[in-house]
Amino acid sequence: MSRLQQLTLIRHAHALPAAASEPDKARPLSSRGQSDARHAGHWLRHASLPPDAILCSDARRTQETLAGLQATFPALPAVQLEPGIYEASPGELLAIIEAHLQHHPAIERLWLIGHNPGLEMLLARMQDGTAMTPLAMPPAGIAILALQPDIPLAAAGSARLLHFHAP
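No experiment lies behind these values; they were computed from the predicted model shown.

Caption draft 1: Examining the overall build of the protein more closely. Scanning the protein from N- to C-terminus turns up 4 helices and 6 strands. Secondary structure of the protein in N-to-C order comes out as β-α-β-α-β-α-β-α-β-β. Its C-alpha atoms give the protein a radius of gyration of 15 Å, within 12% of the compact-globule value 15 Å for 167 residues. When the backbone C-alpha atoms are referred to their principal axes, the protein occupies close to 45 × 35 × 30 Å. Evaluated residue by residue, the protein yields a buried proportion of 45% over its 167 residues. Residue pairs at least 24 apart in sequence account for 72% of intrachain contacts in the protein once pairs closer than 6 positions are excluded. Split by element, the accessible area of the protein, about 7,800 Å² in all, is 55% carbon and sulfur. Across the protein, 12 positive and 14 negative side-chain charges occur, with their mean positions spaced 7 Å apart.

Here is the structure:
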């Protein structure tokens, strides 16, 4: 059984539009996005303990967001790049998290760095069981969730919102 107590959902910071010949996954952060990622890192450092593990989409903008967060933390655990986070539904995101926890059951605090609409929908599902009216996750938005003991991660209402950051 997993010991996960806290899940932090982090949406990538503001990215540049894709160039005509560039795939969406290759979009870099804008200068505003780079600044927002660093500011989000400062906020996160004061709002929470460092994570035990980090799952990050393999898109360039999520990795650059992570780099901005890492600039404010002295040491973070190794990052697992997870291609399945890109364009994932809430159910797919939960499956990715649960698969990671099966291999690493001692994790208590996990960061998931990804994209909308999946993150907004996951947040709504975990809070109150609905993905119909999600809390808006703007670029560089962060939601820190406390998991409810004895409720399966994938169950509706499995977490409560501890902290929320919007740049």
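Further notes follow.
Caption draft 2: Fine view of the environment of isoleucine 85. Inspection of the secondary structure puts isoleucine 85 in the loop between strand E3 (79-81) and helix H3 (90-103). Its relative accessible area of 2% is what places isoleucine 85 among the buried residues. Placed 28 residues apart in sequence, isoleucine 85 and isoleucine 113 show a C-alpha to C-alpha distance of 8.2 Å.

Caption draft 3: Representation of the side chain of histidine 100 within the structure. Relative to the helices and strands, histidine 100 resides in helix H3. You can call histidine 100 buried: its relative accessible area is 9%.

Caption draft 4: Representation of the pattern of salt bridges in the model. According to the stated counting rule, one finds 8 salt bridges in the structure shown. As a salt-bridge pair, arginine 109 and aspartate 52 come within 3.5 Å of each other at their nearest N and O atoms. Note that arginine 109 is positioned in strand E4 (residues 109-114) and aspartate 52 in the loop between helix H1 (31-47) and strand E2 (53-56), a separation of 57 residues in sequence. Between glutamate 108 and arginine 109 there is a salt bridge, and its shortest N-O distance comes to 3.9 Å. Bridged by salt links that share partners, the residues Arg3, Asp52, Glu108 and Arg109 form one connected network.

Caption draft 5: Unusual backbone geometry, seen in detail. Cis geometry is found at the peptide bond from asparagine 116 to proline 117, where omega equals 5°. Note on placement: proline 117 falls in the loop between E4 and helix H4 (118-128). Of note in the backbone geometry, glutamate 87 takes a positive phi value of approximately 60° without being a glycine. The phi dihedral of aspartate 150 is positive, around 65°, even though this residue is not glycine. Within the secondary structure layout, aspartate 150 lies in the loop between strand E5 (142-147) and strand E6 (159-165).

Caption draft 6: Region of interest: the pairing of E2. With burial as the criterion, each face of E2 is covered, one bearing Ala53 and Leu55 and the other bearing Ile54 and Cys56. Summarising the sheet, E2 and E4 pair through 4 bridges and their orientation is parallel. Of the residues in E4, the one forming a bridge with isoleucine 54 is tryptophan 111. Of the strand pairs in this sheet, E2 and E3 are connected by 3 bridges, and their pairing is parallel. Bridge pairing in E3 places isoleucine 54 opposite valine 79. Taken together, E2, helix H2 (residues 60-70) and E3 constitute a β-α-β crossover, and its handedness is right-handed.

Conventions and cut-offs
The numbering scheme is per chain: residues are counted from 1 as the chain's sequence reads. The predicted nature of this model means local features are confined to residues of pLDDT at least 70 and side-chain atom pairs, given and counted, to a pLDDT of 80 or more, with totals for whole chains, interfaces and linings taken over all residues. Heavy atoms throughout the structure, all of them, feed into the side-chain values; hydrogens and water do not. Helix and strand assignments come from DSSP, with helices taken as H or I runs of at least 4 residues and strands as E runs of at least 2, each series counted from the N terminus. This radius of gyration counts C-alpha atoms alone. The globule rule is 2.2 Å times how many residues there are, raised to the power 0.38. Think of it in three bands: with a 1.4 Å probe and only protein chains considered, a residue is buried below 20% of the maximum accessible area for its type, exposed above 50%, and partly exposed in between. Two residues form a contact once any of their heavy atoms are found within 4.5 Å. Here, Shrake-Rupley sampling with a 1.4 Å probe gives the accessible areas, and only protein chains in the shown set may cover a residue. By the counting rule applied here, Lys and Arg register as positive and Asp and Glu as negative, while His and the ends of each chain are not counted. Working definition for charges: the position is that of NZ of Lys, CZ of Arg, CG of Asp or CD of Glu. Any carboxyl oxygen of Asp or Glu that lies within 4 Å of a side-chain nitrogen of Lys or Arg is treated as forming a salt bridge with it. DSSP bridges decide pairing: two strands pair if at least two such bridges lie between them. Here a crossover is taken to be right-handed if, once the strands point away from the viewer, the path from the first strand over the helix to the second is traced clockwise.

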